[in-house]
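A closer look at the structure
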Amino acid sequence: QVQLVESGGGLVQAGGSLRLSCAASGYTFRRIGMGWFRQAPGKEREFVAAVSWTGGNTAYADSVKGRFSISRDNTKNTVYLQMNSLKPDDTAVYYCAASALSIATRDTDFSSWGQGTQVTVSS
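Residues numbered from 1 in each chain as written. Predicted model: local features only at pLDDT ≥ 70, side-chain atom pairs only at ≥ 80, totals over all residues. Heavy atoms only, no water.

**Concerning the overall build of the protein chain**
Keep this limit in mind: Strands are runs of DSSP state E lasting at least 2 residues, helices are runs of H or I lasting at least 4, and numbering of each runs from the N terminus. Only C-alpha atoms enter the radius of gyration, while the globule expectation follows 2.2 Å times N to the 0.38, with N the number of residues. Here the term buried applies to any residue with accessible area under 20% of the maximum for its type, exposed to any over 50%, and partly exposed to those in between, with areas from a 1.4 Å probe on protein chains only. Any pair of residues with heavy atoms lying within 4.5 Å of one another is described as a contacting pair.
Broken down by element type, the protein chain carries zero helices and eleven strands. The N-to-C order of helical and strand elements in the protein chain reads β-β-β-β-β-β-β-β-β-β-β. For the protein chain, the C-alpha radius of gyration of 13 Å lies close to 14 Å, the compact-globule estimate for 123 residues. Dimensions along the principal axes, computed over C-alpha positions, put the protein chain at roughly 40 × 25 × 25 Å. Looking at the protein chain residue by residue over its 123 residues, the buried ones come to 44%. For the protein chain, long-range pairs separated by at least 24 residues make up 58% of all intrachain contacts whose partners lie at least 6 apart in sequence.

**What to know about the state of the cysteines**
Here is the rule: Only a pair of cysteine sulfur atoms within 2.5 Å qualifies as a disulfide here.
Tallying each qualifying case throughout the model produces one disulfide. Covalently, Cys-22 is tied to Cys-96 through a disulfide, its sulfur atoms 2.0 Å apart. Between Cys-22 and Cys-96, the disulfide has an S-S torsion of 55° and is therefore right-handed. In this pair, Cys-22 is assigned in strand E3 (residues 18-25) and Cys-96 in strand E9 (residues 92-99), connecting sequence segments 74 residues apart. Under the relative-accessibility criterion, Cys-22 is labelled buried at 0%.

**What to know about the sheet that holds strand E8 (residues 78-83)**
Worth spelling out the cut-off: Strand pairing requires that DSSP identify at least two bridges connecting the strands. Every axis in this analysis is a line fitted to C-alpha atoms, fitted for helices over the stretch in contact. Angles between the N-to-C directions lie between 0 and 180 degrees.
Strand order in this open sheet of four strands is E1-E3-E8-E7, and the pairing throughout is antiparallel. The strands lining the two open edges of the sheet, one partner per strand, are strand E1 (3-7) and strand E7 (68-73). Across the sheet, the axes of successive neighbouring strands diverge by a mean angle of 15°, strand direction being ignored. Pairing of E7 with E8 involves six bridges; the strand directions are antiparallel. When the sheet's bridge partners are listed, Phe-68 is paired in E8 with Met-83.

**Some details on the pattern of salt bridges**
Let me state the cut-off plainly: Here, a salt bridge means any Lys or Arg side-chain nitrogen found within 4 Å of an Asp or Glu carboxyl oxygen.
Counted under the stated rule, the structure contains five salt bridges. Put simply, Arg-45 and Asp-107 hold a salt bridge, and the shortest N to O gap is 3.7 Å. Remark: Asp-107 occurs in the loop between E9 and strand E10 (110-113) and Arg-45 occurs in the loop between strand E4 (33-39) and strand E5 (46-51); sequence separation between them is 62 residues. Overall, the relative accessible area of 28% leaves Asp-107 in the partly exposed class. Ionic pairing is found between Asp-90 and Arg-67, a salt bridge with its closest N-O pair at 2.7 Å. Highlighted residues: Asp-90 in the loop between E8 and E9 and Arg-67 in the loop between strand E6 (58-60) and E7, separated in sequence by 23 residues. Asp-90 sits in the buried class, given a relative accessible area of 1%.

**Some words on the packing of aromatic side chains**
The following threshold applies: Pairing of aromatic rings covers Phe, Tyr and the six-membered ring of Trp, with a centre-to-centre limit of 6.5 Å; geometry is then stacked below 30 degrees between planes, edge-to-face above 60, and tilted otherwise. A ring has a charge above it when a Lys NZ or an Arg CZ is no more than 6 Å from the ring centre and no more than 35 degrees off the ring normal.
This structure, assessed with the given rule, holds four aromatic pairs. Look at Phe-37 and Phe-110: their rings are 5.1 Å apart centre to centre, the planes differ by 80°, and that puts the pair in the edge-to-face class. With a gap of 73 residues between them, Phe-37 in strand E4 and Phe-110 in strand E10 connect regions that are remote in the sequence. We classify Phe-110 as buried; its relative accessible area is 6%. Assessed through its relative accessible area of 1%, Phe-37 is described here as buried. Positioned over the ring face of Trp-113 is Arg-45, at 3.9 Å from the centre of the ring.

Here it is in structure tokens:
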């Protein structure tokens, strides 16, 4: 059974940075596509970023491209989301997720989810 645990969320001022981490266990990490999603109050869950099995390919939502960077360290079974130039609109619960696809951006293609970590960006 796949288990994902996010960490690194918190409160930050607009323009600041945070790095989220997602530790994975229960599967062969190198063969799992990983992604980050977020959900703000009153809004649907939305795609943020994804990285392929080997880390060679990445995908980003237009709203975060150029500000966020996803990466993975397969030796540590961990995926990261570096968030720079944060905006109040980035405030949400951030979830990491695992997919059987090499690279995926739709939430329906992810079968395992973490509990989420809160990111709050103040003005």
